Amino acid sequence: MTARIRKRTGQFFRMRRFKTQVKSVTDTSSTILGEAVARATPAPIASRIRGLSDRSMAWLFITPAIALLLAVNIFPLIWAIYLSFTNFRANRPNAALESVGFSNYSRVLNDPNIWQAMQTTAHFVFWTILLQTLIGFSLAYLIDRKFRGHAFWTTIILVPMMLSPAVVGNFWRFLYQPQIGLFNHIVSFLTGIPPSSFEMLGSVRLSPWAIIIVDTWMWTPYVMLICLAGLRSIPDYIYEAAEVDRASLWRQFWSITLPMALPFIMLAVLFRGIENFKMFDMVTLLTGGGPGSTTEVASITLKREAFESWRTGRASAFAIILFVAVFGLANIYVKALNKVKQR
Amino acid sequence: MTAQPPVPSKQKRPFFLTRGPMENIATGLIGLGFLMLFQPFLLIFYTWSLVTLLAGTFMFIIVSKFPE
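In what follows, the accompanying structure is described. All residue numbers here refer to positions counted from 1 along the written sequence of the relevant chain. Chain letters and ligand numbers both follow the written order, the letters beginning at A and the numbers at 1. The predicted origin of the model limits local features to residues at a pLDDT of at least 70 and limits the giving and counting of side-chain atom pairs to 80 or more, whereas totals for whole chains, interfaces and linings rest on all residues.

## Some thoughts on the overall build of chain B
In this text, helices come from DSSP runs of H or I with a minimum length of four residues, and strands from runs of E with a minimum of two, each type numbered from the N-terminal end. Of the regular secondary structure elements, chain B holds 2 helices and 0 strands. Each of the 68 residues in chain B was classed as buried or not, and the buried ones make up 26%. Long-range contacts, defined as pairs at least 24 residues apart, comprise 56% of the intrachain contacts of chain B with a sequence gap of at least 6. Counting other C-beta atoms within 10 Å of its own, a residue is labelled buried from 20 upward, exposed at 12 or fewer, and partly exposed in the gap between, with every C-beta atom placed from the backbone. Note on contacts: residues are paired as contacts if their backbone-placed C-beta atoms lie within 7 Å.

## Quick word on the overall build of chain A
Looking only at helices and strands, chain A has 14 helices and 0 strands in total. Taking contacts inside chain A between residues at least 6 apart in sequence as the whole, the part at least 24 apart equals 71%.

## Digging into the nonpolar core
All names here are of chain A. In terms of nonpolar packing, the biggest core is built from 66 residues, with Val 214 and Cys 227 touching the most fellow members. The leading source of residues in this core is helix 9 (residues 207-232), at 12 residues. Beyond its immediate sequence surroundings of up to four residues, Cys 227 is in contact with Gly 136, Phe 137, Ala 140, Ala 261, Phe 264, Ile 265 and Ala 268. Nonpolar cores are built from buried Ala, Val, Leu, Ile, Met, Phe, Trp, Tyr and Cys residues. These are joined into a set through C-beta atoms within 7 Å.

## Remarks on the interface of chain B and chain A
One widely used convention gives an interface's size as the accessible area the parts lose upon coming together. Of the residues lining the interface, 17 residues belong to chain B; the matching set on chain A comes to 17 residues. Among the secondary structure elements, those contributing two or more residues to the side of chain B that touches chain A are helix 1 (19-38) and helix 2 (43-63) of chain B. Element by element, the count of residues in the side of chain B that touches chain A is highest for helix 2 of chain B, at 9 residues.

## Some thoughts on the packing of helix 3 (residues 54-83) of chain A against helix 14 (residues 312-342) of chain A
All names here are of chain A. To define axes, lines are fitted to C-alpha atoms, for helices over the stretch in contact only, and angles between the resulting N-to-C directions are given on a 0 to 180 degree scale. Packing of helix 3 against helix 14 brings their axes to within 8 Å, and their N-to-C directions diverge by 120°. With respect to helix 14, the element helix 3 is oriented oblique. Taken as a pair, helix 3 and helix 14 cross one another with a handedness that is left-handed. Along the contact surface, helix 3 presents Ala 80, Ile 81 and Leu 83, while helix 14 presents Thr 312, Gly 313, Ser 316, Ala 319 and Ile 320. Small angles under 35 degrees read as roughly parallel and large ones over 145 as roughly antiparallel, with 65 to 115 read as roughly perpendicular and the rest as oblique. The handedness criterion is simple: a crossing whose near helix is rotated anticlockwise from the far helix by less than a right angle is left-handed, and one whose near helix is rotated clockwise is right-handed.

## Describing the packing of helix 5 (residues 112-143) of chain A against helix 11 (residues 249-277) of chain A
Residues and elements named next belong to chain A. For the pair helix 5 and helix 11, interaxial distance at closest approach is 10 Å and the crossing angle is 145°. The two elements helix 5 and helix 11 cross, and the hand of that crossing is right-handed. Residues Thr 121, Phe 124, Val 125, Thr 128, Ile 129, Gln 132, Thr 133, Gly 136 and Phe 137 of helix 5 pack against Ile 265, Ala 268, Val 269, Arg 272, Gly 273, Asn 276 and Phe 277 of helix 11. For the contact of helix 5 with helix 11, the residue count by class is 8 nonpolar, 7 polar and 1 charged. Put simply, Ala, Val, Leu, Ile, Met, Phe, Trp, Tyr, Cys and Pro go in the nonpolar bin, Asp, Glu, Lys and Arg in the charged bin, and everything else, Gly too, in the polar bin.

Here it is, written out as structure tokens:
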């Protein structure tokens, strides 16, 4: 017994000595590296930096990033807020600006056409997010089963997300062609109605759904990827414990999988929600806001106000209203997300 | 036996200076403003949606700095 204790103590001290040696070697090499870097720094820069405190150094490093952020994000926002109170027209940039007070806001908020565009946006955002979340989570759940060839199928599913919206818009226009389009022929095969009897992009009733289908097709993989990360983060031992307790698969899904993946699902919804409020490219390519103004979402109306009607000041007011709506919603959404994470 | 020092009674903050309930009111205002902006029923709701949204958002920014 005493011999065993002595042996263990010897092992312990040998290990400790070894760790100390490793640490000293690592420290020495990092010191050498640090000195080499210091020697490589040009003398004028080194002399200037040597006198700075840690705080000043930190500011020195983050200043370019802050300057870039101010120039690219904050300045345009402040400029747009300023323009929203003026009669600025982008086709007359040299004309004298006149302050119009809240008149631009008042006009935007009393315009039935803009109100209609808001409803179209809400319809589009609601259905795309609902479909993308349901299909994306279901796909992630399937991929997480780790069946044979799941890596290959994951790559295939991710392809639409990697394509450019310009490419997607163009080939979906081709797919939606009533005479030769594959989409119409598949619908015809499944339902028996003639393929040229309906037009996805030309019909008032179907065109909003045509855009919803394309956006769902393109961005469901993105939601799937985020949900998959959530599902992969759930430790296996929780499921093992549930199996020991003889919990059914249904029970495991509702009590383990869904609550633990919920923050990830919410994050995906937040990202897609913000993106879809700004949807412009796909709608422009597929329908251009038509037929009539059936698919004229807020961003299309905004562009028409700013660069077709040349009421840029009013368009700025509209942009600020959209920004306030998304900012407010993102605030309460992040609060809800934090609550879910704390559970 | 030593005399225990009197425990100072915890000052209760007034309702409008506590974070929890005020944050809930701000959240409610933002949600209401958002619904008003996108609802298809009455133009007057749409007209007043920005004011509601702004009130909620500013309130949220301010009250989220309050202590619990």
